[in-house]
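Tertiary structure, described
Letter by letter, the chains look like this.
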Amino acid sequence: MRHWMMLASVLLPGMASASGHELSLGGNLFSSSGLSLALPHRPGLEAAYAYETGGWRLGGGIRWNFSSAGGNPPLEVYARAQITAEMGVWRPAVGPELGLSGLRVVAAPNTGFPADYPDVRTRGFGPVYAAIHAAPLRFAFGRFTASALELQWGTLLSPRPGSLMRLQLGLLQVGVML
C-alpha cells in the first residue's frame, strides 16, 4: 500500500495527502433570527487560516459584514476544528466553530417595531457563539483550494443557547497552501 501512495504522490502532485498551512479569502451571506424575527441575508467577506494534517483542519479567521446595524462592530473572530476526507481532489470538511460576534441584531429598521427595539434586543445577547461548519464542496488543485456553498448553522451562547439562531452561507472561498 505504501508503494501505491508514493506512486500517487509522484503522478498526482498536490492530489495526494495535503499537509500544511493554508490562507484563504471568500465571500458569504449571513442571517440571524430570534423569536420569529429574521434579518435578510447580509453579504460579507472572510479571511481564514488553517493548518491541515492527518485528516484534521485546525484554524480560525475573521469575518467582516457590510452591515453595521445595531451599533455593534460588524466583525466576527472565530476558531474551528474540522475533520476532512481526501478523495482525489475532493476535500470535504465538517466540524465545530466557536467565535465572538458583533452580528447580534434580531430586527431590522422599518419592521414595524419601535425604533430602539433592535438595540434593546441586542443588549440582551452575548457575543459568544457556537456553530457547526460544513464545507461539502471543497476541492484542492495542487497548492490551491476552492470551496463553494459552505454552510454554518449555530446559536449565540448567552443568555440562553438557541434564543438567537445564526445561519451563514459561504458563497466561494479560495485559498493557497503555503
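Parameters at a glance
In this numbering scheme, every chain counts its residues from 1 along its sequence in written order. The predicted origin of the model limits local features to residues at a pLDDT of at least 70 and limits the giving and counting of side-chain atom pairs to 80 or more, whereas totals for whole chains, interfaces and linings rest on all residues. Based on all heavy atoms of the structure, the side-chain values leave hydrogens and waters out of the count. The pLDDT value tells you how sure the predictor is about a given residue, anywhere from 0 up to 100. The contact definition used throughout considers only heavy atoms, calling two residues in contact when any of these lie within 4.5 Å. What makes a nonpolar core is a set of buried Ala, Val, Leu, Ile, Met, Phe, Trp, Tyr and Cys residues whose side-chain atoms join them at distances within 4.5 Å. Burial here depends on accessible area, computed with a 1.4 Å probe over protein chains only, as a share of the maximum for the residue type. Under 20% is buried, over 50% is exposed, and the range in between is partly exposed. When a carboxyl oxygen of Asp or Glu is within 4 Å of a side-chain nitrogen of Lys or Arg, the pair counts as a salt bridge. Helix and strand assignments come from DSSP, with helices taken as H or I runs of at least 4 residues and strands as E runs of at least 2, each series counted from the N terminus. Counting of polar contacts relies on pairs of N or O atoms within 3.5 Å, with two restrictions inside protein: one atom must be capable of donating a hydrogen and the other of accepting it, and residues adjacent in sequence are counted only when both atoms are side-chain atoms.

Quick notes on the confidence of the model for the protein
Per-chain confidence: the protein averages 80 in pLDDT, with 71% of residues scoring 70 or above. Here residues 3-18 is a poorly scored stretch, pLDDT under 50, and it has 15 contacts once near neighbours within four places are set aside; other chains count.

Notes on the nonpolar core
Soluble globular proteins tend to bury their nonpolar side chains together. The biggest cluster of nonpolar side chains holds seven residues, and these are A48, Y78, F125, Y129, A131, L156 and L164. The contacts of A48, once residues within four sequence positions are left out, are E22, L23, S24, G60, G61, Y78 and Q173.

As for the pattern of salt bridges
The full count for this structure, using the stated rule, is eleven salt bridges. One salt bridge connects E52 with R57, and the closest N-O pair in it is separated by 3.3 Å. Residue R57 is classed as buried on the basis of its relative accessible area, which comes to 9%. Among the charged side chains, a salt-bridge network with shared partners connects E46, R63, E76, R80, E97 and R166.

Details of the environment of F66
Summarising the element assignment, F66 is placed in the loop between β4 (56-65) and β5 (75-84). Sequence spacing of F66 and P43 is 23 residues, and the spatial spacing of their C-alpha atoms is 6.0 Å. Residues in contact with F66, not counting those within four places in the same chain, are P43, G44 and L45.

Topic: the environment of T145
With respect to the element layout, T145 can be found in strand β9 (residues 144-156). T145 gets classed as buried once you look at its relative accessible area, which sits at 7%. Once the C-alpha coordinates of T145 and V89 are considered, the two residues, 56 residues apart in sequence, prove to be 9.2 Å apart. For T145, the side chain forms a polar contact with the side chain of E22, separated by 2.2 Å.

So, the side chain of R138
Topologically, R138 is positioned in strand β8 (residues 137-141). A residue is classified by how much of its surface remains accessible, and R138, at 6% relative accessible area, is buried. Reaching out from R138, the side chain makes a polar contact with the side chain of E52 at a distance of 3.0 Å. Every residue in contact with R138, bar those within four places of it in the chain, is listed here: E22, E52, R57, V89, W90, R91, P92, T145, A146 and S147.

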